Amino acid sequence: WAIVVGDASGHGAGPALLSTSVCSRLRTLKDYHDTLDSMLTAANRGVCEIPVRGRFVTVFLAAIDPKARTLNWSAAGQMAVLIDTDGTVRELPASNLPLGISPDAEFQTGPTIALAPGATLVIQTDGFAEAQNGDLRSFGTGRVSDELVRVRHMSADEIADALIDAVRAHCDPAALQDDATVVVIKA
């Protein structure tokens, strides 16, 4: 399985088109590159060719082998977390630059991870942690992790819904100011 979550800087049609372009490039690149890091390196060069200053895209790219129960991943400015059944949270850090920052950037793949039965991979954009309430207090990465640990026993759909509900309750009555995308995968 291949999973990609990205978030383009800015709001509106331009960033939406940039995100679509990156997804399209990654779909094409998978036929010509056999590693995640080489796919991101090639995609980055393509993004850097777009003549729009100040635009970049964060990307978390993962490959899961369900039979071998392994996760390979590369993070370009976009992090994820892996939650074990005992509640241990393992950050998969955004160790590479976002796409579009430097045409010469070389991307690295994180270490291969064995997925224990019941482990939960969560990839979310910054809209969750940065969601603010009426007092301008952010939900925060700590609360995101706490919420994910609290609901880790639920199904993937229920975990995503619980996180969305918790952030909406935090913001009430204010609306989210940034997009908030989450992908939850249970091993």
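Structure: see above.
Quick caveat, the model's predicted, so the values are computed rather than measured. (Residues numbered from 1 in each chain as written. Predicted model: local features only at pLDDT ≥ 70, side-chain atom pairs only at ≥ 80, totals over all residues. Heavy atoms only, no water.)

Would you mind going over the environment of Val184 with me for this structure?
Among the structural elements, Val184 can be located in strand E8 (residues 182-186). You can call Val184 buried: its relative accessible area is 13%. Along the primary structure Val184 and Ala169 are separated by 15 residues, whereas in three dimensions their C-alpha atoms are 20 Å apart. When sequence neighbours within four positions are dropped, the list of residues in contact with Val184 reads Thr120, Leu121, Val122, Ala156, Ile159 and Ala160. (Helix = DSSP H or I, 4+ residues; strand = E, 2+ residues; numbered from the N terminus. Buried < 20%, exposed > 50% of the residue type's maximum accessible area, 1.4 Å probe, protein only. Contact = heavy atoms within 4.5 Å.)

Explain the sheet that holds strand E2 (residues 57-65) here, please?
Note on sheets: strands pair through backbone hydrogen bonds, and any given pair is parallel or antiparallel. In space, the 4 strands of this open sheet follow the order E1-E2-E3-E6, with antiparallel pairing throughout. Pairing within the sheet leaves two strands with one partner each, and these edge strands are strand E1 (2-8) and strand E6 (113-114). Inspection of the sheet shows strand E3 (residues 70-76) paired to E6 by 2 bridges, in the antiparallel sense. What sits directly across from Leu71, in E6, is Ile113. Set on the sheet, helix H1 (residues 13-29) makes contact with E1 and E2; between it and E2 the angle comes to about 30 degrees. Strand contacts of helix H2 (residues 36-48): E2 and E3, with the helix running at about 155 degrees to E2, the strand carrying the most contacts. (Pairing = 2+ DSSP bridges. Axes fitted to C-alpha atoms, helices over the stretch in contact; angles between N-to-C directions.)

Even after reading the chapter, I still don't get helix H4 (residues 156-171), so can you show me in this structure?
Note on helix geometry: an α-helix contains 3.6 residues per turn, so any two residues three or four positions apart are oriented the same way. The end-to-end C-alpha distance of H4 is 23 Å, a good match for the 22 Å that 16 residues give at a rise of 1.5 Å each. Residues Ile159, Ala160, Ala162, Leu163, Ala166, Val167, His170 and Cys171 constitute the buried set of H4. Across the axial projection of H4, the buried residues extend over an arc of 170 degrees, all falling on one side. H4 presents Asp157, Arg168 and Ala169 as exposed residues on the side facing more than 90 degrees away from its buried surface. (Expected span 1.5 Å × (residues − 1). Arc of directions from axis to C-beta.)

Just to check I follow, could you spell out the pairing of strand E4 (residues 80-83) for this structure?
Within a regular strand, the side chains alternate between the two sheet faces. Covered by surrounding structure in E4 are Ala80 and Leu82 together with Val81 and Ile83, the residues of both alternating faces. Note that E4 and strand E5 (residues 89-92) share 4 bridges and pair antiparallel. Looking across to E5, one finds that Val81 is bridged to Glu91. Counting the residues in the hairpin turn of E4 and E5 gives 5 residues, including Gly87, whose phi is positive at 95 degrees. One ladder, built from 4 bridges, connects E4 with strand E7 (residues 120-124); its direction is antiparallel. Paired with Ala80 across the bridge in E7 is Ile123.

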